[in-house]
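Chains, contacts and geometry: an overview
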Amino acid sequence: GGMKLWDMSGYELVKNLLRQKERVRSLALDTATDRAYAGLQSGNIRSVSLGNARNRTELKGHTDFVSCLSIDPASQYLVSGSWDRTLRVWDMDSCELISSSMCKNGISSLVWHPSGGHIYTTDFTGSLISWKIDLQ
């Protein structure tokens, strides 16, 4: 597994951002800071700068693979969903956990509402859940 940066105009490999043995299960890109976030099989999230692959951080907290990631519209928070049945919100500047919520089932997908006030998740049973997020 790993993460690679490609030039799509010529379909050429620009650089390897991450090389690792475990699988990448989800991905999010923050265009405001040019950082990519990879949700891993282990439950960790790796953050890497597209400009400097050595500038990376790791967010730890999930106990099963990170199935989905999303960045809020203001590029301040990262939300992660996992098959460990937790929804976690991370501060992208400090890389610290802001909140954690327990779900009934493992989370399979998620998205921020464009206003940033709600997150919508689906689980592997097909249920849709709306979460009110107050981060002020």
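The following refers to the structure shown. (Residues numbered from 1 in each chain as written. Predicted model: local features only at pLDDT ≥ 70, side-chain atom pairs only at ≥ 80, totals over all residues. Heavy atoms only, no water.)

Here the focus is the packing of aromatic side chains. Applying the stated criterion across every chain yields a total of two aromatic pairs. Site record: aromatic cluster; members linked through ring pairs are Phe 65, Trp 83 and Phe 124. Sitting above the plane of the Phe 65 ring, Arg 25 keeps its charged end 4.2 Å from the centroid. (Phe/Tyr/Trp six-rings, centres within 6.5 Å; stacked < 30°, edge-to-face > 60°. Lys NZ or Arg CZ within 6 Å of the ring centre and 35° of its normal.)

This part covers the nonpolar core. Judged by nonpolar contacts, Cys 68, Tyr 77, Val 79, Leu 87, Val 89, Cys 103, Ile 107, Leu 110, Trp 112, Ile 119, Trp 131 and Ile 133 together constitute the single largest core of 12 residues. Counting residues per element, the ones that place at least two in this core are strand E8 (77-82), strand E9 (86-91) and strand E11 (107-112). At three residues, E11 tops the list of elements feeding residues into this core. When sequence neighbours within four positions are dropped, the list of residues in contact with Val 89 reads Tyr 77, Leu 78, Val 79, Glu 96, Leu 97, Ile 98, Ser 99, Ile 119 and Leu 135. (Core = buried A, V, L, I, M, F, W, Y, C linked by side-chain atoms within 4.5 Å. Buried < 20%, exposed > 50% of the residue type's maximum accessible area, 1.4 Å probe, protein only. Helix = DSSP H or I, 4+ residues; strand = E, 2+ residues; numbered from the N terminus. Contact = heavy atoms within 4.5 Å.)

Checked against the element boundaries, Ser 82 lands in strand E8. Here Ser 82 falls in the buried class, since its relative accessible area comes to 0%. At 3.0 Å, the side chain of Ser 82 forms a polar contact with the backbone nitrogen of Asp 84. Apart from residues lying up to four places away in sequence, Ser 82 is in contact with His 62, Asp 64, Phe 65, Val 66, Ser 67, Gly 106 and Ile 107. (Polar contact = N/O pair within 3.5 Å; in protein donor to acceptor, adjacent residues only side chain to side chain.)

To continue, consider the pattern of salt bridges. Inspection of every chain in the model, using the stated rule, returns one salt bridge. The partner of Arg 46 in a salt bridge is Glu 58, with the nearest N and O atoms 2.8 Å apart. Of this pair, Arg 46 sits in strand E5 (residues 45-49) while Glu 58 sits in strand E6 (residues 56-59); the two residues are 12 residues apart in sequence, bridging distant segments of the chain. By relative accessible area, which is 18% here, Arg 46 ends up buried. (Salt bridge = Lys/Arg side-chain N within 4 Å of Asp/Glu carboxyl O.)

Looking at chain direction, E9 and strand E10 (residues 96-102) are connected through six bridges and run antiparallel. Across the sheet, residue Asp 91 finds its bridge partner in E10, namely Glu 96. Linking E9 back to E10 in an antiparallel pair, the connection comprises four residues, with Cys 95 at a positive phi of about 60 degrees. (Pairing = 2+ DSSP bridges.)

Looking now at the environment of Ser 70. When you line up the elements, Ser 70 lands in strand E7 (residues 66-71). With a relative accessible area of 12%, Ser 70 lands in the buried category. The residues touching Ser 70, leaving out its near neighbours within four places in the chain, are Ala 28, Tyr 77, Leu 78, Val 79, Leu 110, Val 111 and Trp 112.

With that out of the way, let us pick up the sheet that holds E5. With respect to topology, four strands assemble into an open sheet ordered E3-E4-E5-E6, the strand pairing being antiparallel. Both edges of this open sheet fall to strand E3 (24-30) and E6, since each of them pairs with a single strand only. The average undirected angle you get between the axes of adjacent strands in this sheet is 20 degrees. With six bridges connecting them, E3 and strand E4 (residues 35-40) associate as antiparallel partners. Considered in E4, the bridge of Val 24 is made with Leu 40. (Axes fitted to C-alpha atoms, helices over the stretch in contact; angles between N-to-C directions.)

With respect to the secondary-structure elements, Ser 67 resides in strand E7. Here Ile 107 takes part through its backbone oxygen, which lies 2.4 Å from a polar atom of the side chain of Ser 67. Other than its neighbours up to four places away in sequence, Ser 67 contacts Arg 25, Ser 26, Gly 81, Ser 82, Trp 83, Ile 107 and Ser 108.

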